[in-house]
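Commentary on secondary and tertiary structure
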Amino acid sequence: MNPIEIMVSYWPRMLDGTLMTLKLTILGALIAGAISPWLALVRSHGSLIAQTPIRIYVSFVRGTPILAQLFLVFYGSGQFRPELMELGLWNFFRDPFNCAILVFVLNSTAYQTEIMRGGIQGVNLGEIEAAKAIGMTRMTILRRVIFPHAYRIAWPALSNEIILLMKASALASVVTVFDIMGRTRQIFSKTFDFSIYLWAALIYLAITSLFVFGWHRIERRLNRHILPRNNANAVS
Amino acid sequence: MIPMDPSGPILSAIDIRKSFGDVEVLKGISLDAKKHDVISILGASGSGKSTFLRCLNFLETPTSGKVIIHGDEINVQNGQPKMSVPIEDIRKRLGMVFQQFNLWTHRTVLENVMEGLIHVRKKSRGEARSIAENYIERVGLSQRVDAYPGHLSGGQQQRVAIARALAMEPDAILFDEPTSALDPELVGEVLKVMQSLAEEGRTMIVVTHEMAFAREVSSEVVFLHQGKVLEKGTPDEMFATPKSEEFKRFIASM
Ligand SMILES: Nc1ncnc2c1ncn2[C@@H]1O[C@H](COP(=O)(O)OP(=O)(O)OP(=O)(O)O)[C@@H](O)[C@H]1O
Ligand SMILES: [Mg+2]
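This one's a predicted model, so the numbers in the text were calculated from it and none came from an experiment.

1. Details of the environment of Arg143 of chain A
- Summarising the element assignment, Arg143 of chain A is placed in helix H8 (residues 138–168).
- Residue class for Arg143 of chain A comes out partly exposed when judged on its relative accessible area of 47%.
- Residue contacts for Arg143 of chain A: discarding those within four places in its chain leaves Pro148 of chain A together with His119 of chain B.

Structure follows, in structure tokens:
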């Protein structure tokens, strides 16, 4: 078969895999994105006692391969099956998709926490003081001043993290989740035609490019206030 | 709430002390501001002017002392404030204008002025907008409502900061060297706005190095030296007959 024929006959499976990759990445990034700002706050403003567990967690995640973490959760949960059943958690862990998501969330949360910590610490203290002086509550200051600035600062680094997460999601295929990589290996084992790997690479590349394009547009919008004056009006 | 005496002070600070570590920076400062007072605080660099001003709205918590704003009292002992209302309620009655302007850079001029009205005073967007536009006009920036702070000159930014404080209708406004970060040619436009506020009868406490402002606009001058009030009085008597050597030297150095 030539490369076109292989895609013509297997595109539904590749599409399926693509959707799975997107699901793993988006879900993982979003859940991590909901948790990490709060951990980042503790990390930048919390007491030493509150910071310590987060520090340990982040160094653990950063210092171990994501594949090892995946095996740890996937095979580890099998090991503790009776205990997990007792806790009513077995139903969650028996599904490899859930194990994969759990690992990606734990992973991305750690990295996003570090990124957001940098963002939060980069917020101009004067603007926070102005918010206090006008009578805003802590929560309002977070919502209206700290997070808006922190996200602007963190934005480019968050983009990198999400791309890395998407590429790491290919590891899910080793615990039998059929993402792009899982489908590709499946098709290869039938056809022994390596061109399907080229297609897989192209799909990853396409997703990354589209993502970078969209992310960059949002970035320009967020940074209207620091663009040169003429550009500021041009961005709508 | 203590019943208000209409001629009494709207802002009182009583025996404010503040230490950073072992260093006592404020050594018992008291000050009363009545309605329409414009009080200039003078003093050499490091004398504690900013720290004192920041103790009034608790951006800095005094080590001890008492602040009474409009009948609400905050008593601090050993760095622990005791207050009958949340600190935010006190702060929103005191405006503050900073040396570095501290506008919210991600918001336009209009949004900066509307922000406190919406998120602190809980006004509707429409109402906030018309109040904000009114005060922006008041400082002469109606043409720039949609500009971001980064696209304005320092003088314009400081005028926006003043509009932002005014829009909250505070009982008093605290200014911490509002013209010190400005290029000399921009100082005038900010002082002019401040002078017109004084003429309107706004209560202002101003830390400044602008002797002309202290002399001509303020109703009272306070001279701080090493964390203490060394001298205070009307500008006329203070500048005509300075009592302490320190204040004499200070005026001479200006
Ligand atoms: N957060 C802080 N930690 C430690 N020391 C401080 C702090 N803030 C102020 N100080 C010290 O307190 C003293 C008074 O500072 P303050 O800023 O109130 O002086 P100032 O009169 O406003 O001076 P300037 O005219 O330079 O603004 C200074 O010696 C300063 O170093
Ligand atoms: Mg100062």
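Moving on, there is more to tell.
2. Thoughts on the packing of helix H2 (residues 48–63) of chain A against helix H6 (residues 96–121) of chain A
Residue and element names in this part refer to chain A.
- Orientation of H2 relative to H6, taken along the N-to-C sense of each, is 115°, at an axis distance of 9 Å. Between H2 and H6 lies a crossing whose hand is left-handed. Across from Ile54, Tyr57, Val58, Val61 and Arg62 in H2, the residues of H6 making contact are Val105, Leu106, Asn107, Thr109, Ala110, Tyr111, Thr113 and Glu114.
- Classifying every residue of the contact of H2 with H6 gives eight nonpolar, three polar and two charged.

3. Some details on the sheet that holds strand E7 (residues 94–97) of chain B
Residues and elements named next belong to chain B.
- In spatial order, the strands read E7-E8-E9-E3-E10-E11; together these six strands make up an open sheet with mixed pairing. Sheet topology places E7 and strand E11 (228–233) at the edges, where each strand pairs with a single neighbour. Strand-to-strand twist of the sheet, defined as the mean angle between neighbouring strand axes without regard to direction, takes the value 20°.
- Of the strand pairs in this sheet, strand E10 (residues 220–225) and E11 are connected by five bridges, and their pairing is antiparallel. Bridged to Phe223 within E11 is Glu231.
- Each of strand E3 (38–43), strand E8 (172–176) and strand E9 (204–207) touches helix H6 (residues 184–199); the most contacted strand, E9, lies at about 150° to it.

4. Brief notes about the interface of chain B and chain A
- Between chain B and chain A, the contact holds 24 residues from the first and 25 residues from the second.
- In terms of surface lost to chain A, no three residues of chain B exceed Trp104, His106 and His151 of chain B, which account for 28% of the buried area on that side.
- Our enumeration of links across chain B and chain A arrives at two salt bridges.
- The set of elements that each furnish at least two residues to the side of chain B that touches chain A consists of helix H2 (87–91), E7 and helix H3 (109–119) of chain B.
- The element best represented in the side of chain B that touches chain A is H3 of chain B, accounting for three residues.
- The class makeup of the residues in the side of chain B that touches chain A is nine nonpolar, seven polar and eight charged.

Rules and cut-offs
Residues numbered from 1 in each chain as written. Chains lettered and ligands numbered in written order. Predicted model: local features only at pLDDT ≥ 70, side-chain atom pairs only at ≥ 80, totals over all residues. Heavy atoms only, no water. Helix = DSSP H or I, 4+ residues; strand = E, 2+ residues; numbered from the N terminus. Buried < 20%, exposed > 50% of the residue type's maximum accessible area, 1.4 Å probe, protein only. Contact = heavy atoms within 4.5 Å. Axes fitted to C-alpha atoms, helices over the stretch in contact; angles between N-to-C directions. Left-handed = near helix turned anticlockwise from the far one by under 90°. Nonpolar A, V, L, I, M, F, W, Y, C, P; charged D, E, K, R; others polar. Pairing = 2+ DSSP bridges. Buried area = accessible area lost by both parts, 1.4 Å probe. Salt bridge = Lys/Arg side-chain N within 4 Å of Asp/Glu carboxyl O.

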